[in-house]
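# Notes for the structure review
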Amino acid sequence: MALSDPPPPLGRASILSVIGFTALCGSVSLIYPFGRDQGNYAYAGWVWLDGGALYRDVFVFKPPMTVAVHSLAMSLFGVNTWAIRVLDIGWTAATALLVAAIALELWKRRDSAVAAGLTCPFLYYQIDYWTTAQTDGWMTLPSALAVWAVLRGGRALPVNVRKALAWWTSAGALAGVAVLFKYTAALVGVPMLVAFAWVASRQGRRAWLGIAAALVGGLTTLIACWLWLLATGAWSAFVESQLELIPEYVGRRPAGQTPTDLLGRLFTLKRTKTDLLPLFWAGPIGLAPGLLASRPRTRSDWLAFAIPVTWWLVAASNVVVQGKFFDYHYLPLLAPSSIMAGLGIAALLRRPLASIHRREGRALVLTALMAAAIAVTPIGGRFVEIARVAVGGQTIEEYIASRREYAFPAYNVRDIRQVSELLRETTTPEQRVFLWGYEPTINVRARRHTVSRFLYNFPLRMAVDSSRYEEELIHALSARPPDVIVVTKGDRFPGLTGTYKDSTALLAEFDELDAFVKQRYERAETVGRYSLWRRIEPGGQPNVIVITVDTLRADRLGAYGHASARTPHVDALAASGATFTNAFAPMGRTTP
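Here is a short report on the structure shown in this document. (Residues numbered from 1 in each chain as written. Predicted model: local features only at pLDDT ≥ 70, side-chain atom pairs only at ≥ 80, totals over all residues. Heavy atoms only, no water.)

## Some remarks on the overall build of the protein
The condition that has to hold: Put simply, DSSP H or I for four residues or longer makes a helix, DSSP E for two residues or longer makes a strand, and each gets a number counted from the N terminus. Categorising residues by exposure relies on relative accessible area from a 1.4 Å probe, with only protein chains included: less than 20% of the type maximum marks a residue as buried, more than 50% marks it as exposed, and the intermediate range marks it as partly exposed. Using a 1.4 Å probe, accessible areas were evaluated by the Shrake-Rupley method; residue-level cover was limited to the displayed protein chains.
Secondary structure assignment for the protein yields 27 helices and six strands. Overall, the C-alpha framework of the protein stretches about 110 × 50 × 45 Å when taken along its three principal axes. The burial tally for the protein puts 54% of its 592 residues in the buried class. Carbon and sulfur atoms make up 61% of the accessible area of the protein, which amounts to about 26,700 Å² in all.

Right, here's the structure in full:
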């Protein structure tokens, strides 16, 4: 079959199978809470929806597309924690269909395409709440669109050169969109080059014109983003965050790491969970039976396999380049792993599938087999959990309390939910809540804005010279004092901030902020790891009564535990005010 010949149609049954299977797998994520990153970008997206400018009015650490996805989710489904999960299901379904379309373009085999499309959500939803709905996963969709557009341009080339160039320009523009999720997405240019080589092997040297068209498309996307930043007055703030803090962040790696160490961590999946094993190894394992069944002979045949292989390799290099080995850094492997695994699955099932004459039947059989495989994976247990919550056998709070991954030393979902609910009950939507910590999920859940562009204290902890950030923060707090200040304890992130000190310790070292809090606020509540300081009303100082009594021991007062003490008035004052169990005086001796 010539390249210009269209592949067989995927078919309505196959498309619906992929979409339905994605919705089935993704349904387990609807009760997932926010991880830290989802909360950060959800808050920035909320500010954007309310008319603020990214970077200028709210600090963003990444390029703008991640925030754009969160804004889209909240504009469609409201400001809540499940909106991004619903959009993520749709995003994954679109990625799965694109994976199937790429496999269909390369091998013209419907069974391989359907298997690849079904593998995509199967691999993705093995992963937990922290790792899904993340930047590295979302950039897979525009990256896959870019590769697919190169292939579609190759199909159009013999008939309509102008149409081919339009496809290739679009491919570059889509690659530019991927870069606006994360700069390492530029690595998708490598499988795009291999795709151009595949097209050239079938259509001749004219295909190399597509590289110039793709460069034009990519530059167009980046220039459009630059103009938008200039128009919103955010360019200088963007440069500040991207060129100053990102290099500082990337540079904070364990000392003494060699290339061998990095590759060892990549292939042994150190510091990661076992739910990443299928994502990482499904592609290489599926490639072997796919090669044996296809028996490539020509250069073009081999280049067809080289596209997903090089894509997998650059996706793996994405993990190494970033050097942090966070679980979500493996997500760009999703598309190439699904393509290779789908090819292998179809090859292993070729004879049984060949006995089913209707293509709709083969799609349904593949879907049924993948659904059955869920039972032996982490998704199976998650179905039981969401069903229990759905039928009322367990509340969402009980579910969260029962899962260990929702509570660890630096992050506790239950504490976040409780402090958010307290803020919603005790403040009005117009009141402001400033967080000294790293969990703006609290602001999102409470529906309370902060008072500065610092949605978290990460920039102040990260910058080599944080004095200008500190000055900016104090100015914003003084101009509009928040009604509540939330101070976090235990949020230590040495890999990000370069220090083992938590926010409480860093507050004590930030003299101006520490004085601002203690002079204008009083500590009102403590919820888990969070202390809530409420503003003292203007004109009303704390009501302090000092009682001094000669030779009176505290353990002779009812307020301090004496059961038969007759001190009702002092006890009443203690009950309505604050008591202290330790007090020290420099000289309190009495003499005869």
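The structure having been displayed, the exposition proceeds.
## Things to note about the pairing of strand β3 (residues 433-436)
The cut-off we apply is this: Paired strands, as defined in this entry, are two strands with at least two bridges between them according to DSSP.
Burial along β3 is two-sided: Val-433 and Leu-435 and Phe-434 and Trp-436, pointing in opposite directions, are all buried. When β3 meets strand β4 (residues 484-488), the two strands line up parallel, connected through four bridges. Within β4, the residue paired with Trp-436 across the bridge is Val-487.

## Some points on helix α4 (residues 83-107)
Residues lying three or four places apart along an α-helix face the same way, a consequence of the helix completing one turn every 3.6 residues. The condition is simple: What a helix should span is 1.5 Å times the count of its residues minus one.
The end-to-end C-alpha distance of α4 is 37 Å, a good match for the 36 Å that 25 residues give at a rise of 1.5 Å each. Here α4 lies mainly inside the structure; 21 of its 25 residues are buried. Lys-108, located one to two residues past α4, shows a positive phi value of around 55°.

## Observations concerning the pattern of salt bridges
The criterion, for reference: Just to be clear on terms, a salt bridge is a Lys or Arg side-chain nitrogen sitting within 4 Å of an Asp or Glu carboxyl oxygen.
Scanning the entire structure with this criterion turns up 19 salt bridges. In this structure, the salt-bridge partner of Glu-405 is Arg-403, at a minimum N-O distance of 2.9 Å. Note on Glu-405: relative accessible area 27%, which makes it partly exposed. Here Glu-509 makes a salt bridge to Lys-501, at a shortest N to O gap of 2.3 Å. By sharing partners, the salt bridges in this structure join Glu-240, Glu-244, Arg-453, Arg-468 and Glu-472 into a single network.

## So, the packing of helix α1 (residues 12-26) against helix α5 (residues 110-124)
For clarity, the cut-off: Every angle, taken between N-to-C directions, lies between 0 and 180 degrees, and every axis is a line fitted to C-alpha atoms, over only the stretch in contact when it is a helix. We call two directions roughly parallel when the angle between them is under 35 degrees, roughly antiparallel when it is over 145, roughly perpendicular when it lies between 65 and 115, and oblique otherwise. The handedness criterion is simple: a crossing whose near helix is rotated anticlockwise from the far helix by less than a right angle is left-handed, and one whose near helix is rotated clockwise is right-handed. Pairs of residues are marked as contacts when any of their non-hydrogen atoms sit within 4.5 Å.
Between α1 and α5, the shortest axis-to-axis distance is 8 Å and the interhelical angle comes to 15°. Taken together, the axis directions place α1 and α5 in an arrangement best described as roughly parallel. Taken as a pair, α1 and α5 cross one another with a handedness that is right-handed. On the side of α1, the interface is formed by Ser-14, Ser-17, Val-18, Phe-21, Thr-22 and Cys-25, while α5 contributes Arg-110, Val-114, Gly-117, Leu-118, Pro-121 and Phe-122.

## Thoughts on the packing of aromatic side chains
Basically, it comes down to this: Two aromatic rings from Phe, Tyr or Trp, using only the six-membered ring of Trp, form a pair when their centres are within 6.5 Å; if the ring planes differ by under 30 degrees the pair is stacked, by over 60 it is edge-to-face, and anything between is tilted.
Per the counting criterion, the structure on display carries 32 aromatic pairs. Here the aromatic rings of Phe-59 and Tyr-456 are separated by 6.4 Å at their centres, their planes lie at 70°, and the arrangement is edge-to-face. In this pair, Phe-59 sits in the loop between α2 (36-49) and α3 (65-77) while Tyr-456 sits in the loop between α21 (441-446) and α22 (458-462), placing the two residues 397 residues apart along the sequence. Taken individually, Phe-59 and Tyr-456 each receive the classification buried, so the pair is uniform in this respect. Ring centres of Tyr-129 and Trp-130 lie 5.9 Å apart, and the angle between their planes is 90°; on these two criteria the pair is classed as edge-to-face. In this structure, Tyr-129 and Trp-130 share a single accessibility class: buried. One aromatic cluster is present, built from ring pairs that chain together Phe-59, Phe-61, Tyr-438, Phe-454, Tyr-456, Phe-458, Tyr-469 and Phe-493.

## Re the packing of α2 against α3
To keep it simple, the criterion reads: Any residue outside Ala, Val, Leu, Ile, Met, Phe, Trp, Tyr, Cys, Pro, Asp, Glu, Lys and Arg is labelled polar, Gly included; the first ten of those are nonpolar and the last four are charged.
Relative orientation of the contacting elements α2 and α3 amounts to 70°, with a least axis distance of 8 Å. By the criterion of interaxial angle, the relationship of α2 to α3 is roughly perpendicular. Along this stretch, α2 crosses α3, giving a crossing that reads as right-handed. Contacts from Gln-38, Tyr-41, Ala-42, Ala-44, Gly-45, Trp-46, Trp-48 and Leu-49 of α2 reach α3 at Thr-66, Val-67, Ala-68, His-70, Ser-71, Met-74 and Ser-75. Residues that form the contact of α2 with α3 fall into these classes: nine nonpolar, six polar and no charged.

## Topic: unusual backbone geometry
In this structure, Ala-133 takes a positive phi of about 55° despite not being glycine. Position of Ala-133 relative to the elements: it lies in the loop between α5 and α6 (135-138). Exposure remark for Ala-133: the relative accessible area of 2% places this residue in the buried category. For Arg-447, which is not glycine, the phi dihedral falls at a positive 60°.

## Looking at the sheet that holds β4
With mixed pairing, four strands are arranged side by side in an open sheet as β3-β4-β6-β5. Edge positions in the sheet fall to β3 and β5 (521-527), since each of these pairs with one other strand and no more. When strand polarity is set aside, the average angle formed by the axes of neighbouring strands in this sheet is 25°. Helix α20 (residues 413-426) contacts β3, β4, β5 and β6 (530-535) of the sheet and is inclined by roughly 15° relative to β6. Running over the sheet, helix α26 (residues 511-520) touches β3, β4, β5 and β6 and is turned about 95° from β5.

## Topic: empty space enclosed by the protein
Note the threshold: Grid spacing is 1 Å over the protein atoms alone, the probe is 1.4 Å, and a cavity is where that probe fits but cannot get out, while a pocket is an open set with protein on both sides within 12 Å along at least five of seven lines and lining residues have an atom within 4 Å of a point. Grid points are joined across faces, edges and corners, and a volume is the space filled by probe spheres set on the points.
As enumerated under the stated definition, the model contains four cavities of 30 Å³ or more in all. In this structure, the largest cavity occupies an estimated 140 Å³ of space. As for the largest cavity, its lining consists of 13 residues, and the residues nearest its centre are Met-139, Ser-143, Val-188, Trp-311 and Pro-332. The greatest single-element share of the lining of the largest cavity, amounting to four residues, is contributed by helix α14 (residues 299-322).

## Considerations on a nonpolar patch on the surface
Using the following cut-off: What goes into a patch is any residue over 30% in relative accessible area without a salt bridge, connected to like charges within 9 Å or, for nonpolar side chains (Val, Leu, Ile, Met, Phe, Trp, Tyr), within 5 Å.
A cluster of nonpolar side chains, Leu-219, Leu-222, Ile-223, Trp-226, Leu-227, Leu-230 and Trp-235, forms an exposed patch at the surface whose accessible area comes to about 650 Å². Here the nonpolar patch takes six residues from helix α10 (residues 209-231), the largest share from any one element. Its location among the elements puts Trp-226 in helix α10. On the basis of relative accessible area, Trp-226 is assigned to the partly exposed category, the value being 38%.

## Points about the pairing of β5
As paired elements, β5 and β6 share six bridges and run antiparallel to each other. Within β6, the residue paired with Tyr-521 across the bridge is Arg-535. A loop of two residues connects β5 with β6, the two strands running antiparallel in sequence, and Gly-528 in this loop sits at a positive phi of about 60°.

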